[in-house]
Amino acid sequence: MKRLSKVLTCLVVLAILIENTLVPAFAKNNDEELARRISFRSIGAGALSLLVWPGIGQAVNSQKGDKVLTHAFLGLIPPYRFWSCYDAVVDRDGGYWEGRI
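Reference entry: report on the structure contained in this document. None of these values were measured; they are calculated from a predicted model.

1. Description of the side chain of Ser42
Thinking step 1. For Ser42, the position within the fold is in helix H3 (residues 40-51).
Thinking step 2. Within the structure, the side chain of Ser42 is placed 2.8 Å from the backbone nitrogen of Ser39, a separation counted as a polar contact.
Thinking step 3. Contact partners of Ser42, with chain neighbours within four places excluded, come to Arg37, Asn61, Ala88, Val89 and Asp91.

Now the structure itself:
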């Protein structure tokens, strides 16, 4: 029974990831640069940031070491995983706090 609940939880998380990444592909997107940056690699990086540990997705996307370490450290705060996942999916360079977040 525990295994079934773990499988169902993983499927729900995967469905949420797919829903959040595929919807912009069908909607009219005025930001063409952002649309070009989302790829299968960045979607996988986002999944790693959400499911394994924040910072891994930024490392997969070849971000700077400061950004990877900051995401890994802030991953101790559970809600931060969602932000790190988004940041990895859109393969965003820079950001707040001198490009670390």
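Moving on from the model shown.
2. What to know about a nonpolar patch on the surface
Thinking step 1. Together, Met1, Leu4, Val7, Leu8, Leu11, Leu14 and Ile18 give the surface a local cluster of nonpolar side chains, amounting to about 720 Å² of exposed area.
Thinking step 2. Within the secondary structure, Met1 sits in the segment before helix H1 (2-26).
Thinking step 3. Classification of Met1 as exposed rests on a relative accessible area of 82%.

3. Concerning helix H5 (residues 65-74)
Thinking step 1. Every buried residue belonging to H5 is among Lys67, Val68, Thr70, His71 and Leu74, and all of these are buried. Taken end-on, H5 shows its buried residues confined to a sector of 165°, consistent with a single buried face. Residues of H5 that are exposed and point more than 90 degrees away from the buried face comprise Leu69 and Phe73.

What counts and what doesn't
- Residues numbered from 1 in each chain as written.
- Predicted model: local features only at pLDDT ≥ 70, side-chain atom pairs only at ≥ 80, totals over all residues.
- Heavy atoms only, no water.
- Helix = DSSP H or I, 4+ residues; strand = E, 2+ residues; numbered from the N terminus.
- Polar contact = N/O pair within 3.5 Å; in protein donor to acceptor, adjacent residues only side chain to side chain.
- Contact = heavy atoms within 4.5 Å.
- Patch = residues over 30% accessible without salt bridge, like charges linked within 9 Å, V, L, I, M, F, W, Y side chains within 5 Å.
- Areas by Shrake-Rupley, 256 points an atom, 1.4 Å probe, with all protein chains shown as cover.
- Salt bridge = Lys/Arg side-chain N within 4 Å of Asp/Glu carboxyl O.
- Buried < 20%, exposed > 50% of the residue type's maximum accessible area, 1.4 Å probe, protein only.
- Arc of directions from axis to C-beta.

Keep in mind these numbers describe shape, not what the thing actually does.
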